[in-house]
Amino acid sequence: DVKVTQSSRYLVKRTGEKVFLECVQDMDHENMFWYRQDPGLGLRLIYFSYDVKMKEKGDIPEGYSVSREKKERFSLILESASTNQTSMYLCASRIRGFYGYTFGSGTRLTVV
Amino acid sequence: EDQVTQSPEALRLQEGESSSLNCSYTVSGLRGLFWYRQDPGKGPEFLFTLYSAGEEKEKERLKATLTKKESFLHITAPKPEDSATYLCAENTGGFKTIFGAGTRLFVKA
């Protein structure tokens, strides 16, 4: 079965810490995405990558950066965590183009 | 502005009581309309992709249909395990996908 694996289900970090969220897919997908999901705001796109070493900003990139050095791995970095970044973070991948996503299980991040 | 609107926000059904969820989209030149199921605390799970008006897809008790302006997710004789949030999403071309806010479905035994 194809999989998108996020490294942590739950994380608690302190304000100002640098936080790394890791995502790995085993499907040889070209495109990878990072979303955050908040009650009442739905899914919002933070960053995406359409190929290795390529990245594009989504709708809410401020305070985040990403890295994709290998095709299967897409990392989200919170440069200096703040309480308003407390959220559920979802990684997704798709083979390319107009196909549906495969999502990971999500990382619930709490910044205190 | 492109948007995807789902209704109702929440739907409560008795086991066996069939119903439909609605998804309206506004983007012209549809590139793909997607349905996902999301259980609490988990990532969305892909269900269906529809590409053109008149297309239908089925999986167990679920059937998704598409017109030029709307998609419906029909649930036939639902069971309690069908309780979840159902998300509709539209590919707007390129790398952008717009998600609706979801319909929370509760099925009571």
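Every chain is numbered independently, its residues counted from 1 as its sequence is written. Chains and ligands are labelled sequentially in the order written, the chains with letters from A and the ligands with numbers from 1. Where totals are concerned, whole chains, interfaces and linings use all residues; where local detail is concerned, this predicted model gives features only for residues with pLDDT of at least 70, and gives and counts side-chain atom pairs only at 80 or more. Hydrogens and waters are ignored; side-chain quantities use all the structure's heavy atoms.

**Q** So what's going on with the overall build of chain A? Residues and values would help.
**A** Assigned secondary structure in chain A consists of 0 helices and 11 strands. Secondary structure elements are taken from DSSP: a helix is a run of H or I of four residues or more, a strand is a run of E of two residues or more, and numbering for both begins at the N terminus. The order of helices and strands in chain A, counted from the N terminus, is β-β-β-β-β-β-β-β-β-β-β. Relative to its length of 112 residues, chain A is compact, with a C-alpha radius of gyration of 13 Å against a globular reference of 13 Å. Each of the three principal axes of chain A carries a C-alpha extent, and together these read 35 × 25 × 25 Å. Only protein chains enter the calculation, and the probe is 1.4 Å; a residue is then buried if its accessible area is under 20% of its type maximum, exposed if over 50%, and partly exposed in between. Taking all 112 residues of chain A together, the buried fraction comes to 48%. Within chain A, contacts between residues at least 6 apart in sequence are counted, and of these 54% link residues at least 24 apart. With the model as given, the accessible surface of chain A reaches about 5,600 Å², and the carbon-plus-sulfur share is 49%. In this charge count, Lys and Arg are treated as positive and Asp and Glu as negative; neither His nor the chain ends contribute. Charged side chains are reduced to one point each, which is NZ for Lys, CZ for Arg, CG for Asp and CD for Glu. Taking the average location of the 17 positive side-chain charges in chain A and that of its 14 negative ones, the two points are 4 Å from each other. Using C-alpha atoms as the atom set, the radius of gyration is obtained and then compared with a globule rule of 2.2 Å times the number of residues to the power 0.38. It only takes one pair of heavy atoms within 4.5 Å for two residues to be counted as in contact. For the accessible areas, the method is Shrake-Rupley and the probe is 1.4 Å, while residue cover comes only from the protein chains on display.

**Q** Any details on the nonpolar core? Residues and values, ideally.
**A** The nonpolar side chains of soluble globular proteins are, as a tendency, buried together. Formed by 23 residues in total, the largest nonpolar core has its most connected members in Leu33, Trp35, Leu73 and Tyr86 of chain B. Taken together, the elements giving at least two residues each to this core come down to β2 (10-14), β3 (19-25), β4 (33-38), β5 (45-50), β7 (62-66), β8 (70-75), β9 (84-91) and β11 (103-108) of chain B. By nonpolar core is meant a set of buried Ala, Val, Leu, Ile, Met, Phe, Trp, Tyr and Cys residues that side-chain atoms within 4.5 Å join together.

**Q** I'd like a description of the state of the cysteines, backed by residues and values.
**A** Residues and elements named next belong to chain B. Any cysteine sulfur atom paired with another within 2.5 Å is treated as part of a disulfide. In the structure shown here, the tally under the stated rule is 2 disulfides over all chains. Put simply, Cys23 and Cys88 are joined by a disulfide, and their sulfur atoms are 1.9 Å apart. Because the sign of the S-S torsion sets the handedness, a value of about -60 degrees for the bond joining Cys23 and Cys88 places this disulfide among the left-handed ones. You can see Cys23 sitting in strand β3 and its partner Cys88 sitting in strand β9, a full 65 residues away along the chain. Overall, the relative accessible area of 0% leaves Cys23 in the buried class.

**Q** Could you give an account of the pairing of strand β3 (residues 19-25) of chain A, with specific residues and numbers?
**A** All names here are of chain A. The two faces of β3 differ: Val19, Leu21, Cys23 and Gln25 on one face are buried, but Phe20, Glu22 and Val24 on the other face are not. Here 3 bridges tie strand β1 (residues 4-6) to β3, and the two strands are oriented antiparallel to one another. Within the sheet, the bridge partner assigned to Thr5 lies in β3 and is Val24. Between any two strands, at least two bridges found by DSSP are needed for them to pair. Of the strand pairs in this sheet, β3 and strand β8 (residues 73-78) are connected by 6 bridges, and their pairing is antiparallel.

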